[in-house]
Amino acid sequence: MFANRTDHRITVFVLAVAVWASGAWADDRADFNAAYRAYEQHLDANDTKQALEAAKEAHRAGSKLFGRDSVNAAKLAINYAALLNDVGHYRKARRALDGTQEVFRARYGEGAVELVPIMMQLARAAKAPEDTLEYFRRAARLSRGYDDNLVEAEKNFEIMSILLRMGGGAFVEPYVDRTYEIYSERLEPNDFRLGLVSYHKARWATGRSHHEQALDYLNRALTAFTSPERERMGGFERTVRMQIVEALEELGQRDESTEHLLLLGAQQDWSPEVEPVYRREPVVPLDAMTKRLKGKVTVSFTIDEQGFVVDPEVAESTQPTLNDAALAMVKGFRYAPRFIDGNPVATAGIEYTEDFAFLSATGLARPQFERPPIRGFTNIDFNDMSECSKPVPDERVCGFMMPGSK
């Protein structure tokens, strides 16, 4: 659905320059044209390695042809730096971009939108996370100068995606907000782009336990992700329906969850190791928490035709004191029911094991979501980044997780 590579290319207007010279200049121009055409061809073919070599040669030839301080040479440097960033050669990317800001400012002005691509690549190549965030702030601020604010939204969307790949998810919410603000005004309800940002707005609302607000965003995302022409449910639609179930269950609207669970069940390949769509956290007796009891409890039960857990029983336990907590927890689970010949059926003999492990008298040691390895952002104290916890007029710059599929 989406290409793995973002097309970073900046159009070089050199190819439209009238040819009036001959000799050595014509040879240099031919060398450049060949390199630039190769760069575009490899980029279109998604061949990053070959595109990188061609971009390097185009930058060299273009700098010779038009001068190192020309706008064309600066544009070629941005193209080259983008590919260097793609392969993780950040030092080389910084070196390629050296001086490009000055060239563009001299040509276009201090606050020109033409500076946005430079800021984007400088952000990706920056040594320190603080520098990355600052360059993205500048890019977002400058992008407000585009005549079409859909372009501004696309730049904010790109910043979100880059930060998430870098592990800076704690800083992307304002970019989500700005993108959503524009997309909700400009795009149709079934536009996939609006669905993506609505989904991520929902994720932030869920993280703050604003479940009614999350449900509103999730329903908007579902409108964009649902295609009546598709025979099978897509991964985005599946993820959103699972999140809707979670929101409804948290709001106590259990019957409303059933519609989504049935649709999920009709599309899933059944397995005895099926996982609950919604999990309820265990409520453990204070005495057990104070004593920091540990143990595993396995509960056996039936999933009925609507995905409710019925007739739960303890099948095995290493700590009987925790049995009631495990039973109460599993009763609150919801599953996508099994389907046979197009109809939901009750399924007995399902088991779930809870591993109780207490770190302190205040709660359980629950696994936390871990993002991919972070380049640099692990050293930032998120609590110190005040810009990311409060709005800044016209340029909130800190906040995206791509929805997954199962």
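Here, every reference points to the structure presented above.
Residues numbered from 1 in each chain as written. Predicted model: local features only at pLDDT ≥ 70, side-chain atom pairs only at ≥ 80, totals over all residues. Heavy atoms only, no water.

## Here we look at the overall build of the chain
Along its length, the chain carries 15 helices and seven strands. The burial tally for the chain puts 48% of its 406 residues in the buried class. Looking at the chain as shown, the accessible area adds up to about 21,000 Å², and 47% of this sits on carbon and sulfur atoms. (Helix = DSSP H or I, 4+ residues; strand = E, 2+ residues; numbered from the N terminus. Buried < 20%, exposed > 50% of the residue type's maximum accessible area, 1.4 Å probe, protein only. Areas by Shrake-Rupley, 256 points an atom, 1.4 Å probe, with all protein chains shown as cover.)

## Details of the environment of phenylalanine 356
Position of phenylalanine 356 among the secondary structure elements: in strand E5 (residues 347-356). Under the relative-accessibility criterion, phenylalanine 356 is labelled buried at 1%. Between the alpha carbons of phenylalanine 356 and valine 297 there is a distance of 8.0 Å; along the sequence they are 59 residues apart.

## Here's the deal with the pattern of salt bridges
Enumeration according to the criterion identifies 18 salt bridges in this entry. With a shortest N-O distance of 3.4 Å, arginine 138 and glutamate 134 are connected by a salt bridge. A residue pair is termed a helical-turn pair when its members lie 3 or 4 positions apart in one helix, as arginine 138 and glutamate 134 do in helix H7 (residues 129-142) at four residues. Glutamate 134 gets classed as partly exposed once you look at its relative accessible area, which sits at 29%. The partner of glutamate 181 in a salt bridge is arginine 178, with the nearest N and O atoms 3.0 Å apart. Linking glutamate 181 with arginine 178, this pair stays in helix H9 (residues 173-186), spanning three residues, or about one helical turn. For glutamate 181, a relative accessible area of 40% corresponds to the partly exposed category. Through salt bridges with shared partners, a single network forms among Arg144, Glu152, Arg178 and Glu181. (Salt bridge = Lys/Arg side-chain N within 4 Å of Asp/Glu carboxyl O.)

## Some details on the packing of helix H3 (residues 71-86) against helix H6 (residues 116-125)
For the pair H3 and H6, the least separation of the axes is 10 Å and the interaxial angle reads 30°. Taken together, the axes of H3 and H6 lie roughly parallel to each other. At the point where H3 passes H6, the crossing takes the left-handed sense. The residues of H6 that touch H3, namely those facing Ile78, Ala81, Ala82, Asn85 and Asp86, are Pro117, Ile118, Gln121, Arg124 and Ala125. (Axes fitted to C-alpha atoms, helices over the stretch in contact; angles between N-to-C directions. Parallel < 35°, antiparallel > 145°, perpendicular 65-115°, else oblique. Left-handed = near helix turned anticlockwise from the far one by under 90°. Contact = heavy atoms within 4.5 Å.)

## Concerning the packing of aromatic side chains
Following the criterion strictly, the structure yields 11 aromatic pairs and no others. An angle of 45° between the planes, with centres 5.7 Å apart, marks the rings of tyrosine 36 and tyrosine 39 as tilted. With tyrosine 36 and tyrosine 39 both in helix H1 (residues 24-44), this residue pair falls three residues apart, about one helical turn. Residue classification places tyrosine 36 among the buried residues on the basis of a relative accessible area of 2%. (Phe/Tyr/Trp six-rings, centres within 6.5 Å; stacked < 30°, edge-to-face > 60°.)

## Examining unusual backbone geometry
The backbone of serine 209 sits at a positive phi, close to 65°, despite the residue not being glycine. Structurally, serine 209 can be placed in the loop between helix H10 (192-207) and helix H11 (211-225). Of note in this structure, aspartate 341 is not a glycine but carries a positive phi near 55°. Residue placement: aspartate 341 occurs in the loop between strand E3 (338-340) and strand E4 (343-345). Aspartate 341 sits in the exposed class, given a relative accessible area of 76%.

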